[in-house]
Amino acid sequence: MGVTVCLPVIENKYTVDTDVIITAIQRYLYVLVLMLPFEIRDLQYDSLKLSTVPQKIGIKGTKLMGMVLLVVFFLLEFFKDETHQIKIMVLLILSILTAVFLLWSSKKQSIYYASFWVEALPVFWLVLMLFFD
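Residues numbered from 1 in each chain as written. Predicted model: local features only at pLDDT ≥ 70, side-chain atom pairs only at ≥ 80, totals over all residues. Heavy atoms only, no water.

Caption draft 1: Region of the structure containing the pattern of salt bridges. Counting across every chain of the model gives three salt bridges. Measuring nitrogen to oxygen at the nearest pair gives 3.1 Å for the salt bridge that ties Glu 77 to Lys 80. Across this residue pair, the class does not change: Glu 77 and Lys 80 are buried. Across the pair Glu 77 and Lys 87 runs a salt bridge whose closest N-O atoms are separated by 3.9 Å. Of the two residues, Glu 77 sits in the loop between helix 3 (53-75) and helix 4 (85-104) while Lys 87 sits in helix 4, which places them ten residues apart along the sequence. Overall, Glu 77 belongs to the buried group, its relative accessible area being 1%. (Salt bridge = Lys/Arg side-chain N within 4 Å of Asp/Glu carboxyl O. Buried < 20%, exposed > 50% of the residue type's maximum accessible area, 1.4 Å probe, protein only. Helix = DSSP H or I, 4+ residues; strand = E, 2+ residues; numbered from the N terminus.)

In C-alpha cells, the structure reads:
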C-alpha cells in the first residue's frame with residue numbers, strides 16, 4: 001500500500017482525497033487476501049506461538065474471511081468519486097480469479113501454487129489494466 005499508493009501521492013504532490021484513501025484501503029485489503037494462501041500453505045510448518053490466521057480461525061474461516069475482504073475490496077470502488085466501467089470490470093475479473101485461488105488453497109499445495117500463481121495475480125492485474133486502458 002505504501003509503495004503503490006502513498007509514495008506516488010507524495011512524489012507527485014497529489015492532494016490526499018477520499019479516492020486516495022479508498023485506493024490505499026483497497027490495496028491493503030488485497031495484499032491481506034494474497035497473504036492468506038501462504039498462511040494456509042505454511043500452517044503445517046508454523047509454530048503454534050505464531051498465532052497465524054488459519055491457526056486462530058481455521059482454514060474454512062480463513063477462506064471465508066478472505067472472501068469477505070475481497071467483496072469489500074471490490075465494493076469500495078463504487079465509493080470513489082472517479083470510477084470507470086473498465087476499471088470496475090478489471091477489478092471484478094481480478095476479484096473472481098483471486099477468490100478461486102484462495103478457495104483452492106490447501107495445506108498440501110504445489111510449490112508453484114502460492115509461490116508462482118498467487119504471486120502472479122498483481123502482475124495479471126497490471127496486464128489487465130494496460131490491456132483495457
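Caption draft 2: A look at the environment of Gly 2. Residue placement: Gly 2 occurs in helix 1 (residues 2-11). Here the alpha-carbon distance between Gly 2 and Lys 108, two residues 106 residues apart in the chain, equals 32 Å. Contacts of Gly 2, omitting those with residues within four sequence positions, involve Leu 7 and Pro 8. (Contact = heavy atoms within 4.5 Å.)

Caption draft 3: Highlighting the nonpolar core. The biggest cluster of nonpolar side chains holds 25 residues, and the ones touching the most others in it are Tyr 30, Leu 70, Phe 73, Val 118 and Trp 125. At the level of elements, helix 2 (18-41), helix 3, helix 4 and helix 5 (111-132) are the ones that each hand at least two residues to this core. Setting aside residues no more than four positions away along its own chain, Leu 70 makes contact with Tyr 30, Val 33, Ser 95, Thr 98 and Ala 99. (Core = buried A, V, L, I, M, F, W, Y, C linked by side-chain atoms within 4.5 Å.)

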